Amino acid sequence: MSTSSNPFGQVLVALVTPFTADGEVDWAGVEKHIDDVITAGADGIVVTGTTGETSTLTDPEKLKLVEVGKSVANGRAKIITGGGSNETAHAIELYKHSEKAGADAVMIVTPYYNKPTQAGVLTHFRMIADATDLPVILYDIPGRTGIPIKYETILRAAQHPNIRAIKDAKGDFSEVSRVLNQTDLLYFSGDDANVLPHLSIGATGLIGVTANIAAAPYRVIVDAVNAGDLATATAAHRQLEPLVRAVMTHVPGTVAAKYILHGLGRIASPRVRLPLVGPEDFEAAQIEDELAIVGEIPGVDLSNFRPDRNAAAGGALPKVAGTTR
């Protein structure tokens, strides 16, 4: 697929932001982790998304993540800035600065908490898309924002020349096909368990949490779908299923991904920022039970898994507060 028709990539990692034990960004850890996932097959990195803990990062941290991502990727993968804001003016400023910092694209989440009407949602998207020359992915995740992007709103937003894609975490497959039929939008699966089903009906790629741990099998799935080889894609999908369950079902995906990455020795601390906290003992046990049934996965050696429940306990209160309202 040419970059002119798809400026984002296909295997996109919703990157965790590694922190130190006291909750500051571990910049060396960020560089190493970005390099790890690109080496494993990612061709796009979403920094400062939900999984990157956008809601508790400061704006300067978000912009530095773009800069560091661009530097480490060095042309090997697109750097997409996620998050946004539920204040349109703040989102516009953040994305203008992100463009200056070198972002290749922006992902805009539906405004959360204030519950605007669909007219407000559409205006929010259009004004941000007007304020930047970068290609835009809309992010539809009603479980976090309180409201969906309704089908009619998607159709209207798709008419904006900069709005090129949608990340879907609703799981309504009939609507996926309607959007693909009625618009030129690229479709990204935003639900780790549904990546192959989404791709099989025409989605472009995925923006995944589990890909922080195992990007290689997602590369296999995407390449196989591109080649029309459903058997190979299905085998990789089935291989991933227990790992996806470990990451996505017991605690927030960020929390589980950091717990597992730390247990594998791939990040220095599993710390998250409050109000997120590390897994409680029973949650850690559930995650570990799922991992015990994971078989061979390219790039993941679970025989080396050494979880540290104490290191993960609680959550950090960073010295500098974020900018959310």
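Just so you know, these numbers come straight off a predicted model, no measurement behind them.

Each value, and the rule that gives it
- Residues numbered from 1 in each chain as written.
- Predicted model: local features only at pLDDT ≥ 70, side-chain atom pairs only at ≥ 80, totals over all residues.
- Heavy atoms only, no water.
- Helix = DSSP H or I, 4+ residues; strand = E, 2+ residues; numbered from the N terminus.
- Buried < 20%, exposed > 50% of the residue type's maximum accessible area, 1.4 Å probe, protein only.
- Contact = heavy atoms within 4.5 Å.
- Areas by Shrake-Rupley, 256 points an atom, 1.4 Å probe, with all protein chains shown as cover.
- Lys, Arg positive; Asp, Glu negative; His and termini not counted.
- Charge placed at Lys NZ, Arg CZ, Asp CG, Glu CD.
- Phe/Tyr/Trp six-rings, centres within 6.5 Å; stacked < 30°, edge-to-face > 60°.
- Lys NZ or Arg CZ within 6 Å of the ring centre and 35° of its normal.
- Salt bridge = Lys/Arg side-chain N within 4 Å of Asp/Glu carboxyl O.
- Core = buried A, V, L, I, M, F, W, Y, C linked by side-chain atoms within 4.5 Å.
- Pairing = 2+ DSSP bridges.
- Axes fitted to C-alpha atoms, helices over the stretch in contact; angles between N-to-C directions.

Peer 1: For this particular structure, what's the right way to read the overall build of the protein?
Peer 2: Broken down by element type, the protein carries 13 helices and eight strands. Each principal axis of the C-alpha distribution contributes one length, and for the protein these read about 50 × 50 × 35 Å. Per-residue burial for the protein yields a buried fraction of 56% across its 325 residues. When contacts within the protein are restricted to residue pairs at least 6 apart in sequence, those whose partners lie at least 24 apart make up 73%. About 13,000 Å² of surface is accessible on the protein, with carbon and sulfur atoms providing 51% of the total. Charge-centre separation for the protein: the mean point of 28 positive side chains lies 4 Å from the mean point of 37 negative side chains.

Peer 1: Explanation requested: the packing of aromatic side chains in the structure shown.
Peer 2: Any two aromatic rings considered together are summarised by their centre-to-centre distance and by the angle between their planes. In total, this model carries two aromatic pairs according to the counting rule given. Note on Phe8 and Phe188: the rings are 5.8 Å apart at their centroids and 85° apart in plane angle, and the pair reads as edge-to-face. Taken together, the residues span a long stretch of sequence, with Phe8 in the segment before β1 (11-14) and Phe188 in strand β7 (residues 186-189) at a distance of 180 residues. Summarising the burial analysis for this pair, Phe8 and Phe188 share the class buried. Over the ring of Trp27 we find Lys64, and its NZ or CZ is 4.3 Å from the ring centre. For the cation-ring pair, Arg273 lies above Phe19, with the distance from its terminal atom to the ring centre recorded as 4.4 Å.

Peer 1: Would you mind showing me how to read the pattern of salt bridges here?
Peer 2: As a working rule, side chains carrying opposite charge can pair if their charged atoms are close by. Taken as a whole, this structure holds 16 salt bridges when the rule is applied. As a salt-bridge pair, Asp35 and Arg76 come within 2.7 Å of each other at their nearest N and O atoms. With a gap of 41 residues between them, Asp35 in helix α1 (residues 27-39) and Arg76 in the loop between α2 (59-73) and β3 (78-81) connect regions that are remote in the sequence. When its relative accessible area of 29% is taken as the criterion, Asp35 is described as partly exposed. One salt bridge in this structure joins Arg245 and Glu290, with 3.0 Å as the shortest N-O distance. Taken together, the residues span a long stretch of sequence, with Arg245 in helix α10 (residues 230-248) and Glu290 in helix α12 (residues 281-292) at a distance of 45 residues. Overall, Arg245 belongs to the partly exposed group, its relative accessible area being 27%.

Peer 1: Whenever I open this one, the nonpolar core confuses me. Can you help?
Peer 2: For soluble globular proteins, the rule of thumb is that nonpolar side chains tend to be buried together. Judged by nonpolar contacts, the single largest core of 85 residues is most densely connected at Ile45, Ile213, Tyr218, Leu243 and Ile260. No other element matches the seven residues that α10 contributes to this core. Here Ile45 is in contact with Val13, Leu15, Ile34, Val37, Ile38, Ala77, Lys78, Ile79 and Ile80, once residues within four sequence places are set aside. Core analysis: the second largest hydrophobic core is formed by 15 residues, Val46, Ile80, Ile137 and Ile207 among them.

Peer 1: Any chance you could explain the sheet that holds strand β2 (residues 44-47) here in plain terms?
Peer 2: Sheets are built from strands that pair by backbone hydrogen bonding, the pairs being arranged parallel or antiparallel. Read once around its circumference, the closed barrel built from eight strands follows the order β1-β2-β3-β4-β5-β6-β7-β8, with strand pairing classed as parallel. Within this sheet the neighbouring strands show an average axis-to-axis angle of 25°, counted without direction. Set on the sheet, helix α9 (residues 215-226) makes contact with β1 and β8 (205-208); between it and β1 the angle comes to about 150°.

Peer 1: What is the right way to look at unusual backbone geometry in this model?
Peer 2: With the exception of glycine, the majority of residues adopt a negative phi angle, and the majority of peptide bonds are in the trans configuration. The step from Leu274 to Pro275 runs through a cis peptide bond, and the omega angle for that step is 15°. Within the secondary structure, Pro275 sits in the loop between α11 (253-263) and α12. Even without a glycine there, the phi angle at Asn74 is positive, about 50°. Inspection of the secondary structure assignment puts Asn74 in the loop between α2 and β3. The phi dihedral of Lys115 is positive, around 50°, even though this residue is not glycine. Locating Lys115 in the fold gives a position in the loop between β4 (105-109) and α4 (118-131).

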